[in-house]
Amino acid sequence: MAKVELERVWKIYEGKVEAVKDATFTIEDKEFVVLLGPSGCGKTTTLRMIAGLEEITKGTLKIDGKVMNDVEPKDRDIAMVFQNYALYPHMTVYDNMAFGLKLRKFPKDEIERRVKEAAKILGIEELLDRKPRQLSGGQRQRVAVGRAIVRDPKVFLFDEPLSNLDAKLRVQMRSELKKLHHRLEATIVYVTHDQIEAMTMADKIIVMKDGEIQQIGTPYEIYNKPQNTFVAGFIGSPAMNFIDATIIRENGLWIKSSGLKLKIPSQYEDILANYVDKEVIFGIRPENIYDKMFAMTPKEGENTATTIVDVVEPLGSETILHLVAGNDQFVAVVDPKTEAKEEQKIDVVFDMNVMHVFEKETGKAIL
């Protein structure tokens, strides 16, 4: 397998549309890296530049230490799995998987060995004589992955491979691809807009927006230490709450907004001291706001707020509450045994130890 390096890579289309701007990152050997972001953020364009399907406008791409800017896709030793499977409808599963090896003039017995080995890994041995039209979506996806595996490439590239599958099958395929990664010890670059796919599968996530990299980190870092409001709001479901607030000093530091006044833990006071009397964006995840009836808080009253319930969404294992305090609106994920009813008052507790604070003007994280 191999390391993939992008150094100040740009993609500028005619008309001066900047699809990818100054992308610099390294994908280590055997690492599973996910390019994550909304539609149009440049993640697929970045993947296609690695594959050689898009020309790099400027910057340098290296695979295994060798500059690949002007190397043909077929000579890059990569294999790509597409969203739409891209199987030949007139060929059997066996022939679809063997096609690339036949083009490269591999011996017949070597082709057979590789195809059968890949089919065994993916559990599609009994499908080798079928045509793609006789397969389910999940089976077609396995065939597309198998076609990549037989190549034994240095790098696997996946372009939203699960987006055409139903929800249950996506969960199953996520775990299968993760197991496959460990089994093959492969270098994988995976594109998706689905944060759950990214969080559950990646060793490292590269978050993109409008062609620019917003943050690179482990799933833990991306979730718990977002560097700006975009990353904080994009990762997590329901999304992080953002509330316009001011930091005030009053026997310690407090977050004060239209409907909230919350004590800032002492460990954050030094960092936030420079922002006293300044407007900030207060961020807190819905799962860090609790129904007071089911919460244990060490300092009674300090971080409790009285709110009005706007909407109740019971999900069985948890309940989502849409709450209002003053002009502030936010979401809490609470114990399913909550007795909260719409239009009633409810006291909720904020776990301020996991609070986030962002600059009002730039959206950059202060904490």
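Quick note: structure is the one above.
What comes next is a walk through the structure. (Residues numbered from 1 in each chain as written. Predicted model: local features only at pLDDT ≥ 70, side-chain atom pairs only at ≥ 80, totals over all residues. Heavy atoms only, no water.)

Topic: the packing of helix H2 (residues 93–103) against helix H3 (residues 108–122)
To keep it simple, the criterion reads: Fitted lines through C-alpha atoms give the axes, limited to the stretch in contact for helices. The angle between two N-to-C directions lies from 0 to 180 degrees. Strands are runs of DSSP state E lasting at least 2 residues, helices are runs of H or I lasting at least 4, and numbering of each runs from the N terminus. Here the word oblique covers every angle except those under 35 degrees (roughly parallel), over 145 (roughly antiparallel) and from 65 to 115 (roughly perpendicular). The sense of a crossing depends on the near helix, which, turned anticlockwise from the far helix by less than a right angle, makes the crossing left-handed and, turned clockwise, makes it right-handed. Contacts are residue-level and defined by heavy atoms, with any inter-residue pair within 4.5 Å sufficient. When residue character is reported, Ala, Val, Leu, Ile, Met, Phe, Trp, Tyr, Cys and Pro are called nonpolar, Asp, Glu, Lys and Arg charged, and the others, Gly included, polar.
Direction vectors running N to C along H2 and H3 enclose 135°, while the axes themselves pass 10 Å from each other. Between H2 and H3, the interaxial angle falls into the category oblique. Of the two elements, H2 crosses H3, and the hand of that crossing is right-handed. Here Tyr-94, Met-97, Ala-98, Leu-101 and Lys-102 of H2 lie close against H3, whose contacting residues are Ile-111, Glu-112, Arg-114, Val-115, Ala-118 and Ala-119. Taken together, the residues of the contact of H2 with H3 sort by class into eight nonpolar, no polar and three charged.

What about the packing of aromatic side chains?
Rules: Stacked, tilted and edge-to-face pairs are distinguished by plane angle, under 30 degrees for stacked and over 60 for edge-to-face with tilted covering the rest, among Phe, Tyr and Trp rings (Trp via its six-membered ring) whose centres lie within 6.5 Å. Exposure is judged per residue with a 1.4 Å probe applied to protein chains only, and the accessible area is read against the type maximum: over 50% gives exposed, under 20% gives buried, and values in between give partly exposed. Two thresholds decide whether a charge sits over a ring: the Lys NZ or Arg CZ must be within 6 Å of the ring centre and within 35 degrees of the ring normal.
Per the stated rule, a full pass over the model turns up eight aromatic pairs. Between the aromatic rings of Phe-156 and Phe-158, the centroid separation amounts to 6.4 Å while the plane-to-plane angle is 25°, which identifies the pairing as stacked. A single burial state applies to Phe-156 and to Phe-158, both of which are buried. Ring geometry for Phe-282 versus Phe-350: centroids 6.5 Å apart, planes at 45°, classification tilted. Of the two residues, Phe-282 is situated in strand E14 (residues 279–284) and Phe-350 in strand E19 (residues 345–350); the sequence distance between them amounts to 68 residues. A single burial state applies to Phe-282 and to Phe-350, both of which are buried. Connected via pairs of aromatic rings, a cluster forms that spans Phe-32, Phe-156, Phe-158 and Tyr-190. Above the ring of Tyr-223, the side-chain terminus of Arg-285 is found at 4.0 Å from the ring centroid.

With respect to H3
Heads up, the rule is: To estimate how far a helix should reach, multiply one less than its number of residues by 1.5 Å.
End to end, H3 covers 21 Å across 15 residues, agreeing with the expected 21 Å (1.5 Å per residue, within 8%). Those residues of H3 that are buried lie in contact with H2, helix H4 (137–149) and helix H5 (167–184).

Here's the deal with the pattern of salt bridges
Put simply, the test is: One speaks of a salt bridge when a side-chain nitrogen belonging to Lys or Arg is within 4 Å of a carboxyl oxygen belonging to Asp or Glu.
With the rule as written, the count across this model stands at 20 salt bridges. Across the pair Arg-113 and Glu-117 runs a salt bridge, and its minimum N-O distance is 3.2 Å. With Arg-113 and Glu-117 both in helix H3 and four residues apart, the pair spans about one turn of that helix. Since its relative accessible area comes to 41%, Arg-113 is described here as partly exposed.

A closer look at the layout of surface pockets
For clarity, the threshold we go by: Using a 1 Å grid laid over the protein atoms alone, points where a 1.4 Å probe fits but cannot get out form a cavity; open sets with protein on both sides within 12 Å along at least 5 of 7 lines form a pocket; any residue with an atom within 4 Å of a point counts as lining. Grid points are joined across faces, edges and corners, and a volume is the space filled by probe spheres set on the points.
There is about 540 Å³ of room inside the largest pocket. Around the largest pocket, the lining is made up of 19 residues, and of these Met-80, Phe-82, Arg-104, Arg-147 and Arg-151 lie nearest the centre. Going through the elements one at a time, strand E6 (78–81), H2 and H4 are the ones with two or more residues in the lining of the largest pocket. Considering every element that reaches the lining of the largest pocket, the biggest residue donor is H2, with four residues. Tallied by class, the residues present in the lining of the largest pocket amount to 13 nonpolar, two polar and four charged.

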